[in-house]
Amino acid sequence: MVKKIIGLGVLLMMIFSLVGCGNKYNAVMYDNAKEWVSEEFLRENLTRGILYEDVYLDDNSYPKNITHIIKNQEDFDTIFTEFPSGVNFESSMVCVYVFTCNYMGRAYKISKIRVDDQVLKIDVASVRPKKIGAFGDASIPQQRCLVVKMAKHEITAAEFTERK
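Residues numbered from 1 in each chain as written. Predicted model: local features only at pLDDT ≥ 70, side-chain atom pairs only at ≥ 80, totals over all residues. Heavy atoms only, no water.

## Re the confidence of the model for the protein chain
Should the pLDDT be low somewhere, the predicted coordinates at that spot are not to be read in detail. Counted only if it meets this: The predictor attaches a confidence to each residue, called pLDDT, with possible values from 0 through 100. The contact criterion used throughout is that any non-hydrogen atoms of two residues lie within 4.5 Å.
On average, the protein chain scores 85 in pLDDT, and the residues at 70 or more come to 83%. Confidence drops under pLDDT 50 across residues 2-22; counting only partners more than four residues distant or on other chains, this segment forms zero contacts.

This is the structure:
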């Protein structure tokens with residue numbers, strides 16, 4: 001009888017820990033969203049090391065990456081020409097990460113997400129394909145957009161970090 005009560009107690013603690021921990025960020029990442037943003041946004045957010053209109057942008061005046069936090073429909077509409085789902089800005093926000101990518105054929109995933117001192121920190125990793133051709137899977141450096149739709153949080157900045 002004691003073993004049953006202890007077993008039931010352990011089972012209840014496991015269930016409550018799963019429910020209590022949940023995904024408080026409710027984050028969904030779209031790993032190649034460049035086709036959904038406007039050309040004007042892409043021009044205004046050029047990153048170092050890409051080939052843009054037959055010009056290689058290796059000047060240090062271009063940043064390595066750019067991050068935007070979108071918390072309202074007006075800002076969203078100035079960036080996106082289309083999006084695969086609706087965004088309720090009462091409860092959600094969108095983070096856009098624009099960077100120079102050397103592996104356009106790879107998918108990206110979130111490996112860790114947290115808020116530290118009102119800074120959203122999202123660690124992302126590229127998923128190396130199981131089969132790689134004789135010449136590898138690197139591509140010409142191109143501008144890439146990762147978009148994370150998530151629960152709204154009180155943040156002042158967002159940082160994306162690429163993990164290997």
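## Let's talk about the pattern of salt bridges
Where we set the bar: Think of a salt bridge as a Lys or Arg side-chain nitrogen and an Asp or Glu carboxyl oxygen that are within 4 Å of each other. Under the scheme applied here, a residue whose accessible area is under 20% of the maximum for its type counts as buried, over 50% as exposed, and between as partly exposed, the area being computed with a 1.4 Å probe on protein chains only.
Applying the stated rule across the entire model yields four salt bridges. One salt bridge in this structure joins Lys121 and Asp116, with 3.6 Å as the shortest N-O distance. Since its relative accessible area comes to 21%, Lys121 is described here as partly exposed. For Asp116, a relative accessible area of 39% gives the class partly exposed. Beyond isolated ion pairs, a larger network of salt bridges with shared partners links Arg114, Asp123 and Arg163.

## Some thoughts on unusual backbone geometry
Put simply, the rule reads: Secondary structure follows DSSP: runs of H or I at least 4 residues long count as helices, runs of E at least 2 residues long count as strands, and numbering of each begins at the N terminus.
Even without being glycine, Glu53 reaches a positive phi, approximately 50°. Tracing the chain through its elements places Glu53 in the loop between strand S2 (51-52) and strand S3 (55-56). You can call Glu53 exposed: its relative accessible area is 62%. For Asp117, which is not glycine, the phi dihedral falls at a positive 55°. Inspection of the secondary structure puts Asp117 in the loop between strand S6 (107-116) and strand S7 (119-127). A relative accessible area of 69% places Asp117 in the exposed class.

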